[in-house]
Amino acid sequence: QDYNIGISYGNDKVRTSNVMNFHNEKGTILNSKYQRFSLRSNNEFNISDNIRAGINIAPSLAIANNTDTDGEFQIYFAAHTAPPIFDANEKNPDGTLVGLFTDTPAPVIRYPNPKQQLLEKQQHSQAFRMLTNTFVEVKFLKDFRVTSAISSEMYMPFTRNYQGSYVASNFWDIPPRNATANSGSTTDYSWAWENTLKYNKTIADKHNIDFLIGYTA
């Protein structure tokens, strides 16, 4: 599911374009999902005949749960390789799902229930990202133009994981095992400052002279 809202406006002094988006995806795997909220806003201002400025921002927030279920020895692999004699909906006398399948009272085959693992596993992640760009452009002495722009990015991921006693870490890790939980977050910043000076001159409507120097930090 995708939802978009756009708002635009412009005149001689101000031009703005704003787009908001919400993406909602319910995973094909039980207890999995992905959601993203995002905004893109581009704004430009003509302060005077010789000065122009702008600011652009693009924040986004992504939310996911149990998205790494595929791959070798993961839950999706385990479900496809489970013997067909096992029923993922089989329940214990107390009404809970069976966490471990066995073939006999003295088992030769011991196999974790993929459905029970998906319901008990919680692998939650959030990631906030902010992109910004601001600039100022000044024209002077008729043929000169100087521009200064600063771009930045902030990235803040957060994870929270819980694995119950019947959640196997891989295909060969037979439960029950000790339940585990962990969480973590980081914050990353990056930026760039760019400055340019441009000279443009047209002579006799036939010849053009262009000169550009710049500095980036």
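Presented here is a report on the structure given in the accompanying data block. For clarity, every value in this text was computed on a predicted model and none was experimentally measured.

### Considering the environment of W193
Within the fold, W193 resides in strand β10 (residues 188-203). Separated by 24 residues in sequence, W193 and A217 have C-alpha atoms that sit 5.1 Å apart. The residues contacting W193, other than those within four sequence positions of it, are S148, A149, I150, Y215, T216 and A217. A polar atom in the side chain of W193 sits 2.9 Å from the side chain of S148.

### Digging into the environment of L212
Among the secondary structure elements, L212 is positioned in strand β11 (residues 207-216). Here L212 falls in the exposed class, since its relative accessible area comes to 57%. Separated by 68 residues in the primary sequence, L212 and F144 have C-alpha atoms spaced 9.9 Å apart.

### Quick word on the side chain of N21
Mapped onto the secondary structure, N21 falls in strand β2 (residues 14-26). Take N21: its relative accessible area is 14%, and that puts it in the buried class. At a separation of 3.4 Å, a polar atom in the side chain of N21 contacts the main-chain carbonyl oxygen of Y3. At 2.7 Å, the side chain of N21 and the side chain of N4 are in polar contact. Each residue touching N21, except ones within four places of it in the same chain, is listed here: D2, Y3, N4, R36, F37 and S38.

### Focus on the pairing of β11
Little of β11 sits out of view: just zero of its 10 residues are buried. Relative to β11, β10 runs antiparallel, the two sharing 10 bridges. Across the sheet, residue I203 finds its bridge partner in β11, namely H207.

### Points about the packing of aromatic side chains
Enumeration over the complete set of coordinates arrives at four aromatic pairs. Between the aromatic rings of Y3 and F22, the centroid separation amounts to 6.1 Å while the plane-to-plane angle is 15°, which identifies the pairing as stacked. A residue pair is termed long-range when its members are at least 10 positions apart, and Y3 in strand β1 (residues 2-10) and F22 in strand β2 qualify at 19 residues. Given a relative accessible area of 21%, F22 falls into the partly exposed group. An aromatic cluster is present here, built from Y3, F22 and F37 joined pairwise through their rings.

### Brief notes about unusual backbone geometry
In the Ramachandran plot, L141 falls in the positive-phi region, its phi being about 50° despite a non-glycine side chain. Summarising the element assignment, L141 is placed in the loop between β7 (122-140) and β8 (144-163).

### Some points on the pattern of salt bridges
For the structure on display, the rule yields six salt bridges. The salt bridge involving K201 is made with D143; its shortest N-O contact spans 3.4 Å. Linking K201 in strand β10 with D143 in the loop between β7 and β8, this pair joins segments that are 58 residues apart in sequence. Overlapping salt bridges, with partners in common, bring together R15, E44, R52, E137 and R145 in one network.

Criteria and thresholds
- Residues numbered from 1 in each chain as written.
- Predicted model: local features only at pLDDT ≥ 70, side-chain atom pairs only at ≥ 80, totals over all residues.
- Heavy atoms only, no water.
- Helix = DSSP H or I, 4+ residues; strand = E, 2+ residues; numbered from the N terminus.
- Contact = heavy atoms within 4.5 Å.
- Polar contact = N/O pair within 3.5 Å; in protein donor to acceptor, adjacent residues only side chain to side chain.
- Buried < 20%, exposed > 50% of the residue type's maximum accessible area, 1.4 Å probe, protein only.
- Pairing = 2+ DSSP bridges.
- Phe/Tyr/Trp six-rings, centres within 6.5 Å; stacked < 30°, edge-to-face > 60°.
- Salt bridge = Lys/Arg side-chain N within 4 Å of Asp/Glu carboxyl O.

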